[in-house]
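A closer look at the structure
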Amino acid sequence: SWDDRFEKPPMKPVFPALAEGEVPSYDVHIAPIVKRYCLSCHRAGKTNNNYLMTSYDEILSTGDNKDKNIVAGDMNSYLLVVIQGNEIKDPVTGDVLVRQMPLTSTLKADVVDAFVRWIMNGMPQTAEDAAKLTPTP
């Protein structure tokens, strides 16, 4: 039987909280998110439209849709569209090109916000690179 006295310990945050106007970096903010939510599918040997996410370079340069997956400053980057619960369909055939991600859950708002801020601000790799940028709202 269930013991009502049990209290689940608080879950440790996936990444450090972003301050208002802070630009996230891959190394500090995005990599931990990817490790938690994406790598189970987006690695070699999995069915994933050849979009690999095991490194900064792979996120930027792999995939069947590599020219559209992640584009600095573009809210229509496929990654941003699908992590917000939308599918991407072929405009001619109507076939689904990319399904919503993750497939079985919805990302929390702070995770989506980190990806949006990161892509809209040029996808800096390091905290030092991010600190040099003037944030794009």
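Structural data are supplied above this passage.
Every value quoted in this text rests on a predicted model; they were computed, and no experiment measured them. (Residues numbered from 1 in each chain as written. Predicted model: local features only at pLDDT ≥ 70, side-chain atom pairs only at ≥ 80, totals over all residues. Heavy atoms only, no water.)

1. What about helix α1 (residues 26-37)?
Every buried residue of α1 is accounted for by Y26, H29, I30, I33 and V34. In a view along the axis of α1, the buried residues occupy a sector of 120°, so they form one face of it. Where α1 is buried, its residues contact α2 (56-61) and α4 (109-120). Structurally, the start of α1 carries an N-cap: the backbone nitrogen of V28 is 3.2 Å from a side-chain oxygen of S25. (Buried < 20%, exposed > 50% of the residue type's maximum accessible area, 1.4 Å probe, protein only. Helix = DSSP H or I, 4+ residues; strand = E, 2+ residues; numbered from the N terminus. Arc of directions from axis to C-beta. Contact = heavy atoms within 4.5 Å. Polar contact = N/O pair within 3.5 Å; in protein donor to acceptor, adjacent residues only side chain to side chain.)

2. Here's the deal with the packing of aromatic side chains
Within the structure shown, the criterion is met by four aromatic pairs. Ring geometry for Y56 against W118: centres 6.4 Å apart, planes inclined by 70°, an arrangement best described as edge-to-face. In this pair, Y56 is assigned in helix α2 and W118 in helix α4, connecting sequence segments 62 residues apart. For the residue pair Y56 and W118, the accessibility class agrees, reading buried in each case. Taking the centre distance of 6.5 Å and the plane angle of 70° together, the rings of F115 and W118 count as edge-to-face. Separated by three residues within a single helix, F115 and W118 lie in helix α4, roughly one turn from each other. Residue class for W118 comes out buried when judged on its relative accessible area of 0%. In this structure an aromatic cluster arises from ring pairing among Y26, Y56, F115 and W118. (Phe/Tyr/Trp six-rings, centres within 6.5 Å; stacked < 30°, edge-to-face > 60°.)

3. What to know about the nonpolar core
With 30 residues, the main nonpolar core has I30, I59, I70, L79, I83, F115 and W118 as its most contacted residues. The element that contributes the greatest number of residues to this core is α4, accounting for eight residues. The contact partners of I70, leaving out residues within four places of it in the chain, are Y51, I59, L60, S77, L79, W118, I119 and M123. (Core = buried A, V, L, I, M, F, W, Y, C linked by side-chain atoms within 4.5 Å.)

On their own, these measurements won't tell you what the molecule is for.
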